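These are the residues of each chain, in order.
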Amino acid sequence: MVPFLRILGIETSCDETAAAVVERHAEGHSNVLSDVVLSQLDEHSAYGGVVPEIAARAHVEALDELIEEALKRANVSLNDVDAIAATSGPGLIGGLLVGLMTGKAIARAAGKPLYAINHLEGHALTARLTDGLSFPYLMLLVSGGHTQLILVRGVGQYERWGTTIDDALGEAFDKTAKLLGLPYPGGPAVERMAQAGNPDRFDFPRPLVGEARLDFSFSGLKTAVRQAAQDIAPLSDHDVADICASFQKAVSRTLKDRIGRGLQRFKTEFPTTGEKPALVVAGGVAANLELRGTLQVLCDKNGFRFVAPPLSLCTDNAVMIAWAGLERMATGAAPDALDVQPRSRWPLDSNAETLIGFGKRGAKA
Ligand code: KG4
Ligand code: ZN
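Fair warning: this is a prediction, and the values are worked out from it, not measured in the lab.

### Some points on the overall build of the protein chain
Point 1. From N to C terminus, the protein chain includes 11 helices and 10 strands.
Point 2. Relative to a compact globule of 365 residues, whose C-alpha radius of gyration would be 21 Å, the protein chain shows 20 Å and is just as compact.
Point 3. Taken across its 365 residues, the protein chain has 57% of its residues classed as buried.
Point 4. With the model as given, the accessible surface of the protein chain reaches about 14900 Å², and the carbon-plus-sulfur share is 51%.
Point 5. In the protein chain, which carries 36 positive and 43 negative side-chain charges, the distance between the mean positions of the two groups comes to 5 Å.

### Some words on the UniProt feature "binding site: substrate" (unreviewed entry) in the protein chain
Point 1. Residues annotated in UniProt with the feature "binding site: substrate" (unreviewed entry) correspond here to Leu141, Val142, Ser143, Gly144, Gly145, Asp174, Gly187, Glu191 and Asn288.
Point 2. Mapped onto the fold, Leu141 is located in strand E6 (residues 137-142).
Point 3. The class of Leu141 is buried, set by a relative accessible area of 0%.
Point 4. In contact with Leu141, not counting residues within four places along its chain, are Leu120, His123, His146, Thr147, Gln148, Ala282 and Gly283.
Point 5. Summarising the element assignment, Ser143 is placed in the loop between E6 and strand E7 (147-154).
Point 6. When its relative accessible area of 10% is taken as the criterion, Ser143 is described as buried.
Point 7. Ignoring anything within four residues of it in the chain, the contact list for Ser143 reads Ala168, Leu169, Gly170, Glu171, Gly283, Gly284 and Val285.

### Regarding the pattern of salt bridges
When their charged atoms lie close together, side chains carrying opposite charge are able to pair.
Point 1. Going through the model one piece at a time under the given rule, you end up with 19 salt bridges.
Point 2. A salt bridge links Glu327 to Arg128; the nearest nitrogen and oxygen atoms lie 2.6 Å apart. Residue Glu327 is located in helix H11 (residues 319-330), and its partner Arg128 is located in helix H4 (residues 119-131); the two are separated by 199 residues in the primary sequence. Per residue, the accessibility class of Glu327 equals that of Arg128, and both read buried.
Point 3. We note a salt bridge from Asp215 to Arg213, for which the minimum N-O separation is 3.0 Å.
Point 4. Several salt bridges converge on common partners, so that one network encompasses Asp167, Glu171, Lys175 and Lys222.

Conventions adopted
Residue indices begin from 1 for each chain and proceed along its sequence in written order. Written order determines the labels here, with chains lettered from A and ligands numbered from 1. In view of the model being predicted, local features appear only for residues whose pLDDT reaches at least 70, and side-chain atom pairs are presented and counted only at 80 or more, with totals across whole chains, interfaces and linings using the full set of residues. Note: side-chain values were computed over all heavy atoms of the structure, leaving out hydrogens and water. A run of DSSP states H or I qualifies as a helix once it reaches four residues; a run of E qualifies as a strand once it reaches two. Both are numbered from the N-terminal end. Here the globule rule reads 2.2 Å times residues to the power 0.38, and the radius of gyration is calculated from C-alpha atoms. Each residue gets one of three labels from its accessible area relative to the maximum for its type: buried under 20%, exposed over 50%, partly exposed in between, using a 1.4 Å probe on protein chains only. Computed with the Shrake-Rupley method and a 1.4 Å probe, the accessible areas treat only the protein chains shown as cover for residues. For the purpose of charge, His is not counted, nor are the chain termini; Lys and Arg are scored as positive and Asp and Glu as negative. Here the site of a charge means NZ on Lys, CZ on Arg, CG on Asp, or CD on Glu. UniProt positions are given in the numbering used here, feature names are shortened, and annotations may be inferred rather than shown by experiment. Note on definitions: a residue-residue contact is assigned when non-hydrogen atoms from the two residues lie within 4.5 Å. Between Lys or Arg on one side and Asp or Glu on the other, a salt bridge is scored when a side-chain nitrogen of the former is within 4 Å of a carboxyl oxygen of the latter.

Following this line, the structure appears as structure tokens:
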């Protein structure tokens, strides 16, 4: 048996260019040897959102050097890695092409196997790297592109229990911020303003709350915020703070209801898993302290462990892509052929139906 496997990961599906080297030892422990991320925030902030063409060009400009930097920081050469893992979807097609083609070229030139990784699988498996979780567990992915509740049964075995039928949660934060004149990305700005606001001043809607299905909907909330802002215009800082606080409260209540039902379903489907069941969060919205607090309390009440990996591994990064590759290798899965194609839409759960809107930003599925 090989003592350890070492892999180079590449991530370019949205607005972060990232490369990482990770190794996994046969007896179980893992090392992140390097983790390099270049955010394109400055390139996109003037437009209030990610511009696909700008993102793709920025990946082209940065990726080669970033990979060299990741190898250098890990103190290894390409000869010392066992495989290459590159995100091949879902995401913005231009960025995916840059990362996957680079991965293919390196795999070919260095004679290494290539693993084409689903970005969502990277998010889904991260908690096994950071917290050693065992299967099955529930994962809530809340980012600018996705809002999904996923049952993680095993490597390659995912069931989507809920998804947004319109906006992703991060997108709702970003749009709310924009219409209130706050900077992009909106999440941190809304959270900051909300701290000084009155969460009870506006009674914003909580769509789908009370329904048995585990899906989410945020576009009605955004519309209600717009209406409230128009009704009391011109807005003082005080008004903006109250709207942000009331918005966050509505989101918090929505998550409490939706995720609460998800936890109940998990307990029904897995009455005896041996260890305490776990809910994992991932995605940029997981940075929000109020929402984290809500999820923590919910988990405590329901006897769940609440697992929030460090923020740098919750947001887009290449460590999670490398890790997903290592997980696949550990199952003995064959690498991908070099003619593998990027996929802008690539649901983790191929049995899940596509819902209208499905919470995409750009082309993310
Ligand atoms: O995972 P991420 O970094 O990138 C992708 O979406 O791929 O997530 C970014 C999203 C943005 O919509 C941003 O507004 C949101 O996460 N976000 C937050 C907070 N920090 C970032 N939302 C709410 N509260 C925050 N503190
Ligand atoms: Zn992501």
